[in-house]
Amino acid sequence: MNSNGISTADQNRALAASTLSFTVCFAVWTIFSIIGIRIKSELGLSDTQFGILVATPILTGSISRIFLGIWTDQYGGRIVYTLQMLLTAFAAYLLTLVTTYEMFLVAALGVGLAGGSFAVGVAYVAKWYPKERQGTALGIFGMGNVGAAVTNFGAPFLLILVGGQWQGVAQIYAVVMAIAAVLFFLFTKEDPDVAARKKAGQKHTSFLAQLDPLKNLQVWRFSLYYFFVFGAFVALALWLPRYYVGAYGLDLKTAGLLAAAYALPGSIFRALGGWISDKLGARTVMYWTFIASVACTFILSYPSTDYTVAGIDGPISFNITIPLWLFVGLTIILGFFMSLGKAAVYKHIPTYYPGHVGSVGGIVGLIGGLGGFVLPISFGFMNDVTGVWTSCFMLLTILIGIALTWMHFTVRRLEGKRVPDLRRPHDLPEFESLRDLRGWNPDDPVQWATDGKSIATRNLWISIPALLCGFAVWLYWGIISVQMMNLGFPFTQSQLFTLTAIAGLSGATLRIPSSFFIRIGGGRYTTFFTTVLLIIPALGAGILLQDINSPLWQFQLMALLSGLGGGNFASSMSNISFFYPKKIQGYALGMNAGIGNFGVTTMQILVPLVMTFAMFGGEPMVLQASSGTLIGKIPAGTETYIQNAGFVWLIFLIPLAVVVWFGMNNIRDEHVSPDASSAFGSFLKIGGMLLVGLVTSVFGLWLLLPSDAGGSGLELSKWLVLPIVIVLTLMLLRLIPGTIQTNLKRQFKIFRNKHTWAMTVIYTMTFGSFIGFSAALPLAIKVIFGFQHGMVDGVMTHDVANPNGPSALTYAWMGPFIGALIRPVGGKLADRFGGALVTQIISVVMVLSALGVAYFMSAAYGSTTPEAYFFPFLILFLVLFAATGIGNGSTFRTIAIVFDKEQAGPVLGWTSAIAAYGAFIIPQVFGEQIKLTTPEYALYGFAVFYGVCIAINWWFYLRKNAYVMNP
């Protein structure tokens with residue numbers, strides 16, 4: 001029971017029921033974005049008539065909001081919400097009975113009642129939560145906007161299922177809406193205010209009294225904000241399918257999917273916007289929203305243009321057109337910031353007008369909804385008048401510019417009244433929160449309880465997705481190379497293996513300089529710069545994969561640069577370690593690394609899926625051999641868009657870079673980042689150190705690779721080359737002059753500590769195994785179980801395709817998923833029972849699992865039916881992955897306890913750097929042993945290494961009189 005007498009269960013029930021109902025309502029509200037295209041074709045409508053049709057439900061939904069909001073304040077959300085949904089269901093069903101354009105408009109007015117549900121839900125949900133949690137609660141409720149994505153994504157498929165008859169889609173929507181209304185009424189209660197008023201016998205506030213706040217200009221300013229963040233969101237959700245079909249020539253199914261890609265982040269991140277508004281202030285979020293949005297719409301507004309300029313040798317002609325992949329990426333970024341802005345606007349309302357949430361929320365929602373009505377009509381009109389597809393974004397750019405200008409000058413005027421010194425021009429006041437942290441001491445319980453925990457949590461939860469994308473870009477070559485093999489790219493298996501190996505060696509080597517970035521460049525600057533750099537290999541890979549004749553060396557260059565994602569782990573872990581007190585560092589680092597490692601699983605699930613459709617346009621390639629996804633096999637002969645494997649990460653990396661810049665902090669204390677005073681200076685230092693790692697990586701690869709793969713042909717042993725690369729990298733870093741050398745000398749003290757070397761070996765066992773197995777498992781499944789192994793003319797052969805073999809892309813994600821998911825558990829167990837003890841137990845499990853995997857690999861590689869051994873092999877491999885995940889978490893705890901706060905960060909980075917060579921060594925060992933027809937020997941060797949780690953861990957941390965007992 002909360003302090004206001006409301007139980008948490010009742011709060012959760014009200015929020016969950018309202019959000020689900022709003023999702024259904026929003027899906028019905030935007031139904032014309034899909035079925036309207038069929039109606040347009042049937043009736044022969046112009047773009048303007050089509051715009052009016054899809055906008056008509058928005059008109060009803062907008063106007064009804066103020067009345068429904070007030071009635072909710074008066075009579076309660078439970079009864080108003082139920083009646084509104086039942087009336088909408090009735091209108092949606094009647095829609096299927098009309099035949100003329102005029103009657104469609106009348107029926108659409110009834111369907112539009114679904115849009116009024118927002119005002120009902122806002123007023124109802126706000127009554128259940130205290131002021132300090134209303135932003136988050138209303139943000140979660142607002143995620144019901146995802147109903148637009150449900151319609152854009154699901155309605156085209158539903159249209160196919162009902163034989164192309166749009167009437168069937170409308171009837172199904174009507175039935176679902178009626179069911180939602182009944183369930184809402186059965187599972188919710190009267191809101192606390194209405195219940196208390198009824199109990200006391202009080203009358204509700206009159207209708208006119210509820211309208212009193214509308215006299216304030218502030219309400220209309222909020223309404224203008226919402227006109228863009230919500231109205232334009234709805235307008236684009238309705239308009240984009242038509243835009244994709246007309247401007248890019250896509251089919252309706254693909255257009256709906258891409259429109260859903262815009263609508264989805266425009267909905268699901270609304271809760272994040274509410275949470276950030278609760279933490280940082282709604283005004284800050286509005287600044288972020290408007291600045292990012294005006295940048296996106298300005299670029300999107302540029303029409304396809306042919307240029308002819310007078311060149312030295314004659315006229316030069318060229319064309320500038322926004323490619324489909326960039327258009328999709330920018331709309332997704334735009335949707336993301338709109339989502340944050342929607343939540344921020346409604347954070348203002350219960351704060352400034354707690355007694356009039358329904359009326360004020362209703363008028364703000366009304367104006368926002370009118371944006372969804374007016375803008376589609378305006379888009380169609382501008383298309384008809386100008387003949388330019390991008391004219392809709394020109395209009396939005398002007399609209400955002402007006403809203404941003406009004407907001408900023410209002411803020412400056414208000415701040416100037418409160419603090420006269422602010423009247424002089426300087427940086428935007430909302431960006432004050434971006435200042436560096438000084439005097440940071442998370443082990444101080446007072447500081448931690450006051451604001452330390454919230455600051456640390458914010459930095460952690462921004463760091464996690466950035467690290468996740470780093471892992472994905474680093475290791476996606478394991479999936480891409482398999483698909484390149486399936487598509488018939490003109491490279492041998494051994495050449496394709498080099499792509500994974502190159503990325504592995506590069507990522508591991510780049511962790512060495514990355515271990516020392518935080519002191520030199522600061523956590524915020526480092527995370528931003530390294531995240532932005534990942535755009536290069538993601539974009540480059542996407543471009544190269546569009547052409548089957550792209551040369552091998554170009555793919556190898558992109559694989560080398562993908563290693564930037566692997567290097568990010570060292571700096572990320574080092575950075576987060578400074579934000580948390582020692583007693584919970586095991587958990588915090590486990591969360592950062594564990595969920596960050598989900599980048600491997602995310603990539604292994606997402607990449608095969610996005611390759612199945614034209615998400616970013618371009619020409620498809622045809623599978624020469626069967627492939628697969630999480631869902632199942634894809635037969636040979638299927639069209640595949642392999643370029644999406646690179647392009648898809650731009651959707652995440654670009655908005656992440658913005659969030660990192662505005663949301664993270666540098667800790668400027670002496671023991672963390674005393675010299676990170678300039679962003680540009682930090683970027684130069686970090687870039688120079690990364691260049692050292694790339695150069696030494698190239699040198700090592702030149703020594704290792706055969707001549708047909710771009711190497712020297714020396715093919716020196718990896719056991720000789722890797723120490724050369726590590727030592728050479730450290731030596732070159734020491735030669736960098738100036739403050740970098742001074743900082744590095746201070747941090748290099750870790751190499752004089754014997755625990756650094758012990759933990760390096762132990763962490764190589766856990767994380768090195770995890771990352772190496774993640775990289776090698778797809779190709780191992782393909783080579784061992786995708787072919788039959790039998791005697792032909794007295795010779796054992798391994799090149800006959802196995803028609804019953806499992807798809808590597810269907811199963812390879814499972815191991816990394818389990819290993820990443822369980823990592824925070826390892827941290828928790830270590831915090832409770834001691835890191836060394838937990839590490840010792842999982843080490844024994846790893847030995848036994850490795851031996852079991854070796855047995856089934858040996859059996860499969862000598863069988864004409866290797867699939868018979870696949871599931872025992874897979875289960876034991878999953879146990880092995882789980883053990884590595886728990887061990888990853890437990891070793892973080894040990895490092896946090898054994899080392900002081902200045903050394904713990906660099907040690908985390910250094911140990912992760914050496915362990916990351918597992919991503920290079922393990923695929924190489926697997927490849928070598930497969931070539932020798934003894935793949936099980938690889939696992940026997942790993943089991944022996946795990947045994948050595950057991951002895952080291954016992955000697956340092958578990959024996960009697962250990963150096964540090966069970967840290």
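These numbers were taken from a predicted model, which means no experiment stands behind them. (Residues numbered from 1 in each chain as written. Predicted model: local features only at pLDDT ≥ 70, side-chain atom pairs only at ≥ 80, totals over all residues. Heavy atoms only, no water.)

Caption draft 1: Structural detail: the overall build of the protein. On a plain count of helices and strands, the protein comes out with 41 helices and 8 strands. Residue burial in the protein is summarised as follows: out of 967 residues, 62% are buried. The long-range fraction of contacts in the protein, counting pairs at least 24 apart against all pairs at least 6 apart in sequence, stands at 82%. (Helix = DSSP H or I, 4+ residues; strand = E, 2+ residues; numbered from the N terminus. Buried < 20%, exposed > 50% of the residue type's maximum accessible area, 1.4 Å probe, protein only. Contact = heavy atoms within 4.5 Å.)

Caption draft 2: Examining the pattern of salt bridges more closely. In this structure the tally under the stated criterion is 2 salt bridges. Between Arg 13 and Asp 10 there is a salt bridge whose closest N-O contact spans 2.7 Å. Of the two residues, Arg 13 and Asp 10 are both situated in helix α1 (residues 8-29); the distance of 3 residues between them amounts to about one turn of the helix. When its relative accessible area of 15% is taken as the criterion, Asp 10 is described as buried. Three or more residues joined by partner-sharing salt bridges are found here, namely Asp 10, Arg 13 and Lys 189. (Salt bridge = Lys/Arg side-chain N within 4 Å of Asp/Glu carboxyl O.)

Caption draft 3: Region of interest: the layout of surface pockets. As a volume, the second largest pocket reaches approximately 760 Å³. Together, 25 residues line the second largest pocket, and Ser 494, Phe 497, Gly 927, Glu 928 and Lys 931 are the ones closest to its centre. Broken down by element, the lining of the second largest pocket gets its largest block of residues, 7 residues, from helix α40 (residues 918-931). Per-class residue counts for the lining of the second largest pocket are 12 nonpolar, 8 polar and 5 charged. (1 Å grid on protein atoms, 1.4 Å probe; cavity = no way out; pocket = protein on both sides within 12 Å on 5 of 7 lines; lining within 4 Å. Points joined across faces, edges and corners; volume = space filled by probe spheres on them. Nonpolar A, V, L, I, M, F, W, Y, C, P; charged D, E, K, R; others polar.)

Caption draft 4: Just the packing of aromatic side chains, in detail. Evaluation of the coordinates by the stated rule reveals 54 aromatic pairs. Consider the rings of Phe 22 and Phe 26, whose centres lie 5.5 Å apart with planes at 80 degrees: the pair is edge-to-face. Here Phe 22 and its partner Phe 26 are both found in helix α1, 4 residues apart, which amounts to about one turn of the helix. For the pair Tyr 243 and Trp 389, a centre-to-centre distance of 5.5 Å together with 70 degrees between the ring planes defines the contact as edge-to-face. Linking Tyr 243 in helix α12 (residues 217-248) with Trp 389 in the loop between α18 (357-386) and α19 (391-418), this pair joins segments that are 146 residues apart in sequence. Tyr 243 gets classed as buried once you look at its relative accessible area, which sits at 3%. (Phe/Tyr/Trp six-rings, centres within 6.5 Å; stacked < 30°, edge-to-face > 60°.)

Caption draft 5: A look at the pairing of strand β7 (residues 787-792). In this structure, β7 lies alongside strand β8 (residues 795-801), joined through 5 bridges in antiparallel fashion. Paired with Val 792 across the bridge in β8 is Val 795. From the end of β7 to the start of β8, which pair antiparallel, there are 2 residues, and Asp 793 there has a positive phi angle of about 55 degrees. (Pairing = 2+ DSSP bridges.)

Caption draft 6: Region of interest: the side chain of Thr 696. Among the structural elements, Thr 696 can be located in helix α30 (residues 679-704). Overall, Thr 696 belongs to the buried group, its relative accessible area being 1%. Beyond its immediate sequence surroundings of up to four residues, Thr 696 is in contact with Thr 509, Val 725, Leu 728, Thr 729 and Leu 732.

Caption draft 7: Quick peek at the environment of Phe 785. Looking at the secondary structure, you find Phe 785 in helix α33 (residues 754-785). You can call Phe 785 buried: its relative accessible area is 0%. C-alpha of Phe 785 to C-alpha of Pro 803: the two residues are 18 residues apart in sequence and 10.0 Å apart in space. The contact partners of Phe 785, leaving out residues within four places of it in the chain, are Ala 780, Asn 802, Gly 805, Pro 806, Ala 860, Pro 866, Glu 867, Tyr 869, Phe 870 and Phe 873.

Caption draft 8: Region of the structure containing unusual backbone geometry. Residues other than glycine seldom take positive phi values, yet Glu 715 does so here, at roughly 50 degrees. Among the structural elements, Glu 715 can be located in the loop between α30 and α31 (718-734). Judged by relative accessible area, which is 48%, Glu 715 ranks as partly exposed. In the Ramachandran plot, Asn 961 falls in the positive-phi region, its phi being about 65 degrees despite a non-glycine side chain. Within the fold, Asn 961 resides in the segment after α41 (936-957).

Caption draft 9: Spotlight on the nonpolar core. With 305 residues, the main nonpolar core has Phe 873 and Leu 939 as its most contacted residues. Top element by residues in this core is α12. It accounts for 20 residues. Three or more residues apiece are contributed to this core by two domains, here domain 1 (8-192 + 212-307 + 318-414) and domain 2 (749-966). Here Leu 939 is in contact with Phe 773, Ala 850, Val 853, Ala 854, Met 857, Leu 880 and Phe 926, once residues within four sequence places are set aside. (Core = buried A, V, L, I, M, F, W, Y, C linked by side-chain atoms within 4.5 Å. Domains from an automatic or database assignment.)

Caption draft 10: Quick look at the confidence of the model for the protein. Model confidence for the protein is summarised by a mean pLDDT of 80, while 89% of its residues fall at 70 or above. Here residues 418-434 is a poorly scored stretch, pLDDT under 50, and it has 29 contacts once near neighbours within four places are set aside; other chains count. (pLDDT = per-residue confidence, 0-100.)

Caption draft 11: Structural detail: the environment of Thr 884. Within the element layout of this structure, Thr 884 appears in helix α38 (residues 870-898). Here the alpha-carbon distance between Thr 884 and Thr 839, two residues 45 residues apart in the chain, equals 9.3 Å. Those residues in contact with Thr 884 that lie beyond four places of it in its chain are Thr 766, Ser 769, Phe 770 and Met 846.

Caption draft 12: Structural view of the packing of helix α24 (residues 523-533) against α30. Closest axis-to-axis distance for the α24/α30 pair is 10 Å, and the angle between their directions is 60 degrees. In terms of orientation, α24 lies oblique with respect to α30. Handedness of the crossing formed by α24 with α30: right-handed. Taking contact as the criterion, the partners of Tyr 525, Thr 526, Phe 528, Phe 529 and Leu 533 in α24 are, on α30, Ala 679, Ser 682, Phe 683, Ile 686, Gly 687 and Leu 690. Of the residues in the contact of α24 with α30, the class split is 8 nonpolar, 3 polar and no charged. (Axes fitted to C-alpha atoms, helices over the stretch in contact; angles between N-to-C directions. Parallel < 35°, antiparallel > 145°, perpendicular 65-115°, else oblique. Left-handed = near helix turned anticlockwise from the far one by under 90°.)

Caption draft 13: Focus on α1. Here α1 is 22 residues long and its end C-alpha atoms lie 31 Å apart, about the 32 Å a rise of 1.5 Å per residue gives. Within α1, 16 of the 22 residues are buried, which leaves it mostly tucked inside the rest of the structure. (Expected span 1.5 Å × (residues − 1).)

Caption draft 14: Highlighting the packing of helix α20 (residues 445-475) against helix α26 (residues 552-577). One way to put it is that α20 packs onto α26 with a least axis distance of 7 Å and a crossing angle of 155 degrees. Put simply, α20 runs roughly antiparallel to α26. As for how α20 packs across α26, the hand of that crossing is left-handed. Where α20 approaches α26, its residues Asn 459, Leu 460, Ser 463, Leu 467, Gly 470, Phe 471, Val 473 and Trp 474 are matched on the opposing element by Ser 562, Gly 563, Gly 565, Gly 566, Asn 568, Phe 569, Ser 572 and Ile 576. Each residue belonging to the contact of α20 with α26 can be placed in one class, and the counts come to 7 nonpolar, 9 polar and no charged.

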